[in-house]
Amino acid sequence: MNTTTISLLVQGSPFSSNACEQALEFAKAAIRNQHKLYRVFFYKDAVLIANRSHKVPSDESNIQHKWIEFASQQNIQLCVCVGACERRGIHNQQDTDSSDSFEIVGLGQLTEAMFESDRLVTFQ
């Protein structure tokens, strides 16, 4: 079996779509199937996943913490687009989650991920 290098582009809001959850399940399946996950890039409303001020009710699933745990276990880079962040009130690294799991970057990181990966899979 050949190993495929995959990057993910997540665009849907973690609060009003299931894009972040679907992307996480896909990422887990890719790892289980011996593929390499190069980078996860959150764009458009998906950058809200990095907002440290958002509080999730205790009876709801916390997708932010699930991504942080997965990225930590798998040593995966979680990137959020700087432009999309600024348009949504996330202005610097201090506005992101306290574990520094999400890195605010430019679109160049997405471009690099496309060049370094065999596949780019998008979740809207």
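Just so it is clear, the structure is predicted and the values come from calculations on it, not from any experiment.

### A look at the overall build of the protein
A count of helices and strands for the protein gives four helices and five strands. Secondary structure elements in the protein, listed N-terminal to C-terminal, are β-α-β-α-β-α-β-α-β. Over its C-alpha atoms the protein spans a radius of gyration of 14 Å, differing by no more than 12% from the 14 Å that the globule rule assigns to 124 residues. When burial is assessed residue by residue, the protein has 40% of its 124 residues classed as buried. For the protein, long-range pairs separated by at least 24 residues make up 80% of all intrachain contacts whose partners lie at least 6 apart in sequence.

### Regarding the sheet that holds strand 4 (residues 102–105)
Each strand in a sheet pairs with another by means of backbone hydrogen bonds, the pair being arranged parallel or else antiparallel. If you trace the five strands from one edge of the open sheet to the other, you get 4-3-2-1-5, paired in parallel fashion. One side of each edge strand has no neighbouring strand; the edge strands of this open sheet are strand 4 and strand 5 (119–123). Averaged over all pairs of adjacent strands, the angle between their axes in this sheet comes to 25°, without regard to strand direction. The pairing of strand 1 (residues 5–10) with strand 2 (residues 36–42) spans six bridges and is parallel. The partner of Val10 across the bridge, within strand 2, is Phe42. Of the strands in this sheet, strand 1, strand 2 and strand 5 touch helix 1 (residues 19–32), which is tilted by about 175° from strand 1.

### Brief notes about the state of the cysteines
Taken as a whole and assessed by the stated rule, the structure comprises zero disulfides. Cysteine Cys79 is unpaired, with the sulfur of Cys81 as its nearest cysteine sulfur at 10 Å. For Cys79, a relative accessible area of 0% puts it in the buried group. Residue classification places Cys81 among the buried positions, given a relative accessible area of 4%.

### Focus: the environment of Ser53
Relative to the helices and strands, Ser53 is located in the loop between strand 2 and helix 2 (63–74). Judged by its relative accessible area of 54%, Ser53 is exposed. Through-space distance from the C-alpha of Ser53 to that of Phe41 is 20 Å; in sequence the pair is 12 residues apart.

### A closer look at the pairing of strand 1
In terms of burial, strand 1 is largely enclosed, as six of its six residues are buried. Both faces of strand 1 are covered, namely the face carrying Thr5, Ser7 and Leu9 and the face carrying Ile6, Leu8 and Val10. Handedness of the crossover joining strand 1 and strand 2 through helix 1: right-handed. Pairing between strand 1 and strand 5: five bridges, direction parallel. When the bridges of strand 5 are listed, Ile6 appears paired with Arg119.

### So, the nonpolar core
Core analysis: the biggest nonpolar cluster contains 35 residues, and Leu8, Val10, Leu37, Val40, Phe42, Trp67 and Phe102 have the highest contact counts within it. When residues of this core are traced back to their parent elements, those giving at least two are strand 1, helix 1, strand 2, helix 2, strand 3 (77–81), helix 3 (82–87) and strand 4. Residue contributions to this core peak at six residues, all from helix 1. In contact with Val40, other than residues within four places in its own chain, are Leu8, Val10, Trp67, Ile76, Gln77, Leu78 and Cys79.

How each quantity is defined
Residues numbered from 1 in each chain as written. Predicted model: local features only at pLDDT ≥ 70, side-chain atom pairs only at ≥ 80, totals over all residues. Heavy atoms only, no water. Helix = DSSP H or I, 4+ residues; strand = E, 2+ residues; numbered from the N terminus. Rg over C-alpha atoms; globule rule 2.2 N^0.38 Å. Buried < 20%, exposed > 50% of the residue type's maximum accessible area, 1.4 Å probe, protein only. Contact = heavy atoms within 4.5 Å. Pairing = 2+ DSSP bridges. Axes fitted to C-alpha atoms, helices over the stretch in contact; angles between N-to-C directions. Disulfide = S-S within 2.5 Å. Right-handed = clockwise from strand over helix to strand, strands pointing away. Core = buried A, V, L, I, M, F, W, Y, C linked by side-chain atoms within 4.5 Å.

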